[in-house]
Amino acid sequence: MKFLKLFLLLFVIQTQAQQGGMWIPSLLKGMNETEMKNLGMKISVQDIYDVNQSSMKDAVPHFNGGCTSEVISPKGLILTNHHCGFSQIQSHSTVDHDYLTDGFWAYKMEDELPNEGLTVTFMVKIEDVTTAVLEGTATLTNEAAKQKKIQENITALSKSLPKENWQENKIRTFFEGNQYILFVTETFTDVRLVGAPPSSIGKFGSDTDNWVWPRHTGDFSLFRIYADKNNRPAAYSKDNVPYTPKHFLPISLDGVAEDDFTLVFGYPGKTNEYLPSVAIEQIVNELNPAKIEIRDKALKVADGFMRKDNAIKIQYASKYASIANYWKKWIGETQGLKKSNAVAVKKESEKEFQQKIVKTGKEKEYGTLLADFDKNYTEIAPYAVARDYFTEVVLRNTELLSTGYKLYQLEEVYKSKGEQSFNDRKNNLIAGLADFYKNFNATVDEKVFEQLIELYATKSPKQFLPKGLVNVNAKNLASEVYTKSQLKNYAGLKQLLTGDAGTVLANLNNDPGFLLVKELADKYSKEVAPKYDELNLTITALQRTYMKAQLELNTESRIFPDANSTLRVTYGKVKGYEPKDATVYTPVTYLDGVMEKYIPGDYEFDVPAKLIDLYKTKDYGPYGENGKMPVCFIGTNHTTGGNSGSPAIDANGNLIGLNFDRVWEGTMSDIYYDPSICRNIMVDIRYVLFIMDKYAGAKNLISELKLVHPKKNKPLKNKKLKQK
Ligand code: ARG
Ligand code: ASP
């Protein structure tokens, strides 16, 4: 008995310590399957991914390239986050019918709103193509030549490998160039907005609560995929019909309890779990602080205007949210990396790694890897910092400059490709920038410019500063640029772009906004980019070798490929955590917590009157639990940006939640995953249903769903276990 207990204890420690990882769904057989079963999974890995029959993966499309969604009805209804559908909801909103503030519900299919440019992509098939991609590269010693050959092979294979004509072949690298996998995909472009709660539910807590537990956000929105008469992808048409999916997720009404198995299925974007310590030091000490400071200033300016002017608030809501999101994440990540001593931990394992190299006699192959990393990271540092300043100030946060940069590229197109290409690009810009200017306010941007140019001039590496910014008076420069540049509104832009190439280029080179961008961009592209790219190529090659070495030498630890926007499975349990001394977080939040945070009229913490009524009358229908309404829960699933909107699935393959965030103490999980504090945050699916049904009265949508009760007839045995 004693032994059994010890064994169980060891087993628990083992599985807990080992959690984390984002796995390729076609390769779960073996170690993953065993672990998932041990954690409580009842379905088989074929239920998740099967090439020959429909399986769970057929219900989990990529949403617009950056988020995940899941099919929840036989009529192509999909669920994703409110923040993933945010710009679509915004684009249908005006001050008069403001769906961001009030929510939107289509009570009939005719009312569903089309969204130009929105895509939903299904993954049809996964296949390893490493040998074919690496063909003819073994003899190439020059890294650039090798990468070129690989790119050529990828292009050729994407064309030649079999697929249906409405499908696409996409080849992605895994383990930093050590493995290549083909994905056959199908992309739908007629995707219509079906429902969204008001922001006071879908974005409740806004930026204050973002990346934070305990959380009370109903972060969901609903869309529907439309297809042609053959159920294939087609451009928007009135004649299109709701898509019939190969699979859709049943929804469990039985909720979650601590230690329940959970699986999150989606498209994580990018992680860097295998960086050397020197790279992490650079992120913590140099890159993150620079980016944080820049966004801090940009956000404060925008916030000041948004609070005073409702039209600006709508114009800037989406941009603000996206800038604030990573600003806050970098702050949390930096803190977490420091607190968890990630650098020291990595240094320690690098020591062991070095010893292993000696022990296994691999000095020739891997002996200088870590020293080479040190050398190259030291050398790249000023270029990397300069690059971040250029990207954040010019390309990302000052919009007159980022527009100016598009015109700078236009001039480059003329120089390298001639008049025809120039005209094509010019016309595209004129059409494409119309939407941009709708959400642009020159007064706001001028203030941002002033602050960020000041930072650029004083904080970015001096050796790369263009002459015009040395000792610049940012306020005077701002006033000069925003008075005289034609880039400050759409009419001005169109005028600048009127005429033949000669006229346009002459006009551009007379515009103070354009000229400033040109000075910045010239300096950057001549003195920063080439050296940065060169060093970065070396680092990438080192990283590939380092990855190979880890796969070879660290045979006892489970190594998963870094996220790369391809479909992955991550799994774990519903679990609370202890963020700091004497503080324990439980894993489930309730509507009571929404009311605790309620601040009438506040733009982050207001609560809609109808929700307050439902709370008072406890009118939760079948969605409540013991008289309470669950809202969010957390688990040990290893997720990252791109996993938003991912389904959280129970042991039986039913939908129980909707992933949307991670907890503050664990935001460093992209670089260093610590299973004791890294948690993903999900909306409880019952809260989604409650809002759809009781709050919005969208019975039409509820009736499309397949609601199930997997736990109801559960044997007593499980209950006993929980009491220990
Ligand atoms: N942090 C979450 C993610 O990375 C949610 C972001 C949306 N919310 C926000 N307040 N910006 O996407
Ligand atoms: N909120 C993120 C997303 O949009 C998810 C995360 O970073 O945890 O994908």
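Given the structure is predicted, the values throughout are model-derived calculations rather than measurements.

Conventions we followed
The numbers attached to residues start from 1 for each chain and follow its sequence in the written order. Each chain takes a letter, starting from A, and each ligand takes a number, starting from 1, following the order in which they are written. Local features in this predicted model are restricted to residues whose pLDDT is 70 or higher, and side-chain atom pairs enter the listing and the counts only when it is 80 or higher, whereas totals over whole chains, interfaces and linings include all residues. Side-chain measures here rest on the full set of heavy atoms in the structure, leaving out hydrogens and waters. Each residue is tested against the molecule or strand, and it is near if at least one of its non-hydrogen atoms lies within 4 Å. Counting of polar contacts relies on pairs of N or O atoms within 3.5 Å, with two restrictions inside protein: one atom must be capable of donating a hydrogen and the other of accepting it, and residues adjacent in sequence are counted only when both atoms are side-chain atoms. For the purposes of this entry, the term helix denotes a DSSP run of H or I that reaches at least four residues, the term strand denotes a run of E that reaches at least two, and both are numbered from the N terminus. In this classification, the charged set is Asp, Glu, Lys and Arg, the nonpolar set is Ala, Val, Leu, Ile, Met, Phe, Trp, Tyr, Cys and Pro, and all remaining amino acids, among them Gly, are polar. Only buried residues count toward a nonpolar core. Its members are Ala, Val, Leu, Ile, Met, Phe, Trp, Tyr and Cys residues joined through side-chain atoms within 4.5 Å. Only protein chains enter the area calculation, which uses a 1.4 Å probe; residues under 20% of their type maximum are buried, those over 50% are exposed, and those in between are partly exposed. Between two residues, a contact is recorded if the distance between any of their heavy atoms is within 4.5 Å. Only the protein chains shown count as cover for residues, and all accessible areas are computed by the Shrake-Rupley method using a 1.4 Å probe. How far a helix is expected to stretch is found by multiplying one less than its residue total by 1.5 Å. Think of it this way: the bend at a residue is just the angle between two axes, each fitted to seven residues, one set ending at that residue and the other starting at it. Only Phe, Tyr and Trp rings are paired, with Trp represented by its six-membered ring, and only when their centres lie within 6.5 Å; those with planes under 30 degrees apart are stacked, over 60 edge-to-face, the remainder tilted. Criterion for a charge above a ring: Lys NZ or Arg CZ within 6 Å of the ring centre, and within 35 degrees of the ring normal. Any carboxyl oxygen of Asp or Glu within 4 Å of a side-chain nitrogen of Lys or Arg constitutes a salt bridge here.

**Student:** Which residues make up the site of ligand 1, and what values go with them?
**Tutor:** Around ligand 1, the neighbouring residues are His-83, Ser-206, Asp-207, Asn-210, Trp-211, Ala-321, Asn-325, Ser-644, Phe-660 and Asp-661. Taking Ala-321, its main chain carries an N or O atom lying 3.2 Å from a nitrogen atom of ligand 1. Side-chain polar atom of Asn-325 to a nitrogen atom of ligand 1: 2.9 Å apart, as the coordinates give it. For the shell around ligand 1, the elements supplying multiple residues, two or more each, are α9 (206-209), α11 (310-339) and β21 (655-662). Taken together, the residues that form the shell around ligand 1 break down as three nonpolar, five polar and two charged.

**Student:** How would you sum up the nonpolar core? Please name residues and give values.
**Tutor:** Counting 206 residues, the largest nonpolar core has Ile-48, Leu-222, Leu-591, Tyr-687, Phe-690 and Met-692 as the members making the most contacts within it. In terms of residue count, helix α21 (residues 512-553) provides more of this core than any other element does, 16 residues in total. The contact partners of Ile-48, leaving out residues within four places of it in the chain, are Leu-28, Met-36, Met-41, Ile-43, Ser-55, Met-56, Lys-57, Leu-263, Phe-265 and Val-569. Grouped together as the second largest cluster of nonpolar side chains are eleven residues, Ile-154, Ile-171, Tyr-180 and Val-184 included.

**Student:** Describe the site of ligand 2, with residues and values.
**Tutor:** Looking at ligand 2, the residues that line it are His-83, Trp-211, Thr-640, Gly-641, Gly-642, Asn-643, Ser-644, Phe-660, Asp-661 and Arg-662. The separation between a nitrogen atom of ligand 2 and a polar main-chain atom of Phe-660 is 2.9 Å. Within the contact set of ligand 2, an oxygen atom lies 2.8 Å away from a side-chain nitrogen or oxygen of Arg-662. In isolation ligand 2 exposes 270 Å². Once the protein is present, 92% of that is buried. Looking at the shell around ligand 2 element by element, the count peaks at three residues for β21. Residues that form the shell around ligand 2 fall into these classes: two nonpolar, six polar and two charged.

**Student:** An account of α21 is needed here, citing residue identities and associated values.
**Tutor:** Since the α-helix packs 3.6 residues into each turn, any two residues three or four apart lie on the same face. Along its 42 residues, α21 runs 57 Å from first to last C-alpha, staying within 8% of the 62 Å computed at 1.5 Å per residue. The sharpest bend along α21 comes to roughly 40 degrees, located at Ser-525.

**Student:** Talk me through unusual backbone geometry; I want residue IDs and the actual numbers.
**Tutor:** Each neighbour pair has its own omega, and for Trp-213 with Pro-214 the value is 0 degrees, a cis peptide bond. With respect to the helices and strands, Pro-214 occurs in the loop between α9 and β11 (221-227). The phi dihedral of Asn-231 falls on the positive side, at around 65 degrees, and the residue is not glycine. Within the secondary structure, Asn-231 is located in the loop between β11 and β12 (241-242). You will see that Asn-626, though not glycine, has its phi angle at about 50 degrees, which is positive. Along the chain, the position of Asn-626 falls in the loop between α23 (609-617) and β19 (630-635).

**Student:** Let's hear about the environment of Phe-204: which residues, and what values?
**Tutor:** Note on placement: Phe-204 falls in the loop between α8 (199-202) and α9. Exposure remark for Phe-204: the relative accessible area of 1% places this residue in the buried category. Put simply, Phe-204 and Val-607 are 403 residues apart on the chain and 8.0 Å apart in space, counted from C-alpha to C-alpha. Here Phe-204 is in contact with Ser-199, His-216, Thr-217, Val-594, Lys-597, Glu-604, Phe-605, Asp-606 and Val-607, once residues within four sequence places are set aside.

**Student:** Quick one: what's the story with the packing of aromatic side chains, residue by residue and with numbers?
**Tutor:** On inspection of all chains with the given rule, the structure shows 29 aromatic pairs. Ring centres of Trp-23 and Phe-560 lie 5.8 Å apart, and the angle between their planes is 65 degrees; this geometry places the pair in the edge-to-face category. Highlighted residues: Trp-23 in the loop between α1 (2-18) and α2 (31-39) and Phe-560 in the loop between α21 and β15 (568-573), separated in sequence by 537 residues. Pair check on accessibility: Trp-23 and Phe-560 agree, each one buried. An aromatic cluster is defined as three or more aromatic residues linked by ring pairs; in this entry it consists of Phe-353, Phe-373, Tyr-377 and Tyr-546. The lysine or arginine in question, Lys-308, covers the ring of Phe-305, its NZ or CZ lying 5.8 Å from the ring centre. Here the basic side chain of Lys-328 rests over the ring of Trp-664, its NZ or CZ set 5.8 Å away from the ring centre.

**Student:** So what's going on with the side chain of Asn-376? Residues and values would help.
**Tutor:** In this structure, Asn-376 sits in helix α14 (residues 369-397). Assessed through its relative accessible area of 7%, Asn-376 is described here as buried. Not counting chain neighbours up to four residues away, the residues in contact with Asn-376 comprise Leu-535, Thr-538, Ile-539 and Leu-542.

**Student:** Residues and numbers for the pattern of salt bridges, please.
**Tutor:** This structure, assessed with the given rule, holds 41 salt bridges. Note that Asp-260 is salt-bridged to Lys-711, the shortest N-O span being 2.7 Å. You can see Asp-260 sitting in the loop between β13 (251-252) and β14 (261-266) and its partner Lys-711 sitting in the loop between β23 (707-708) and α26 (717-722), a full 451 residues away along the chain. As a salt-bridge pair, Arg-295 and Glu-392 come within 2.7 Å of each other at their nearest N and O atoms. Here Arg-295 is found in helix α10 (residues 277-308), whereas its partner Glu-392 is found in helix α14, with 97 residues between them in sequence. We note that Arg-295, like Glu-392, is buried. The network of salt bridges with common partners includes Lys-329, Glu-333, Arg-662 and Asp-670.

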